[in-house]
2 protein chains.
Amino acid sequence: MFIEIESNSDVPIYLQLAQQLMEGIVRGELKPGDSLPSVRAFASDLGMNMHTVNKAYHYLEEKELIQIVAKSGVIIQPNGVPKASEEKKQKLEAQLRPFVTEGLVLKLSEEELVVIVRKLVQKIEEGNE
Amino acid sequence: MFIEIESNSDVPIYLQLAQQLMEGIVRGELKPGDSLPSVRAFASDLGMNMHTVNKAYHYLEEKELIQIVAKSGVIIQPNGVPKASEEKKQKLEAQLRPFVTEGLVLKLSEEELVVIVRKLVQKIEEGNE
DNA sequence: TGTTTGCTCTACTATGTATAGAACAAATGT
DNA sequence: ACATTTGTTCTATACATAGTAGAGCAAACA
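Residues numbered from 1 in each chain as written. Chains lettered and ligands numbered in written order. Predicted model: local features only at pLDDT ≥ 70, side-chain atom pairs only at ≥ 80, totals over all residues. Heavy atoms only, no water.

A.B. asks: Would you mind going over the sheet that holds strand β1 (residues 35–36) of chain A with me for this structure?
C.D. replies: Whether parallel or antiparallel, the strands of a sheet pair through hydrogen bonds between backbone atoms. All names here are of chain A. Strand order in the open sheet made by the three strands is β1-β3-β2, with antiparallel pairing throughout. One side of each edge strand has no neighbouring strand; the edge strands of this open sheet are β1 and β2 (66–69). Alignment of β2 against strand β3 (residues 73–76), held across four bridges, turns out to be antiparallel. Paired with I68 across the two strands is V74, which belongs to β3. With respect to the sheet, helix α3 (residues 50–62) is in contact with β1, β2 and β3, its orientation differing from that of β2 by roughly 120°. (Pairing = 2+ DSSP bridges. Helix = DSSP H or I, 4+ residues; strand = E, 2+ residues; numbered from the N terminus. Contact = heavy atoms within 4.5 Å. Axes fitted to C-alpha atoms, helices over the stretch in contact; angles between N-to-C directions.)

Below is the structure:
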C-alpha cells in the first residue's frame, strides 16, 4: 500500500490519506480484518503529525470502513462494507451534482461524463495514477 | 432564476450561489449577454453580504462563464462558453475521483454510478430539486 | 449632476487544518 | 510482572478560508 501525499494540494492531507486508504480497500489491498499502522508509526512513515493520521482514521470510522479499538489498534471493517443505503446514495448524488454541473456548463455531453466515470472506475480498481 | 441558499450546508454560500448560477446557464435561463444583478442588489435580495456575492462572481469569472465590467455590471459570457479543453476535463476527472472511490467502497457498481450521473444530468437540465 | 457600479481597504469573528508536546489508562508483548 | 505500545485527551500555536461589516474611490450611467 503506497501512500502519496501532495502537500501543495488544496485537498487536506488527512483527506488525501483517507481517500487513498479507501482506494486500497476498493482494490482489495486492504482486506477485512487487516490491521492498519498505529497513528504514531503511520505519521512517522508519512512525515506528518500523529493527530493528522488520527483525523483520517476517525473520518474512515465514521464511514464505517474501519474499526478503531481504543488502546489496541485499527483494523479494516472485519465483516466487509455493507452496500450503500438509499440515503448514502442520495448523499453521494448531492455531492456529485456540482461537478456534473461543471461538466455540463463546459459543454460536455452526458456520454462524455459517463465515459469519464467509467475511466475513473477502471483507474481506481486497477490502481493507476 | 430562483436561488436557494442552505445556511446550514458545509458548502460555502458563495459556492452555492455560483453553482446555482451555473445551473441557470446550463438550463439556458441565463443566456449569453444577459446581465446579472449588481453585487449590492443581489446581496440584498439573498440576505447576504456584498462581498460574498462578489466572491461568487469572481469565481465564475475565473471559469470564464461571466464577464465583470468594472463600474458597469456583470454579464453572462456573450460568446457562449467554449467547450472544455483536455486540461479542464482532466481537472474535472481528478475532482470526481474521490466520489467515485466513495461509491465503489460502498459496493456500488460501475453501472449504478453511471445511472447516478445520468439522473443528475436530467435533473440539472430540467431544473429539478 | 446625482446615482449606481465594481473595486479596494481595514477589521473582526468563526471555523478548519496542521503541527507540537505532554499525560493517561488500557491492551499487548516478552 | 513489567515495559512498551495503543488510542485518547488536553493545551497551544500558526495559518488559511469564510463570512460579515462599513467606508471610500473613480468611472459608468441616466
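A.B. asks: Which parts of the structure should I look at to understand unusual backbone geometry?
C.D. replies: Backbone geometry follows two general trends: most residues other than glycine have a negative phi, and most peptide bonds adopt the trans configuration. Here the phi dihedral of A:E64 falls at roughly 60°; this positive angle occurs in a residue that is not glycine. Look at A:E64 and you get partly exposed, because its relative accessible area is 43%. A positive phi is found at B:K71, a non-glycine position, where the angle reads about 65°. Mapped onto the fold, B:K71 is located in the loop between β2 (66–69) and β3 (73–76). (Buried < 20%, exposed > 50% of the residue type's maximum accessible area, 1.4 Å probe, protein only.)

A.B. asks: Would you take a moment to explain the protein's contact with DNA strand D for this structure?
C.D. replies: The local shell around DNA strand D holds 26 residues, among which A:R40, B:I13, B:H51, B:T52 and B:K55 are the closest. Each atom of DNA strand D within 4 Å of the protein belongs either to a base or to sugar and phosphate, the latter forming 58%. A distance of 2.8 Å is found between a base nitrogen of DNA strand D and a side-chain nitrogen or oxygen belonging to A:R40. A distance of 2.8 Å separates a phosphate oxygen of DNA strand D from a polar atom in the side chain of A:H58. (Near = heavy atom within 4 Å. Polar contact = N/O pair within 3.5 Å; in protein donor to acceptor, adjacent residues only side chain to side chain.)

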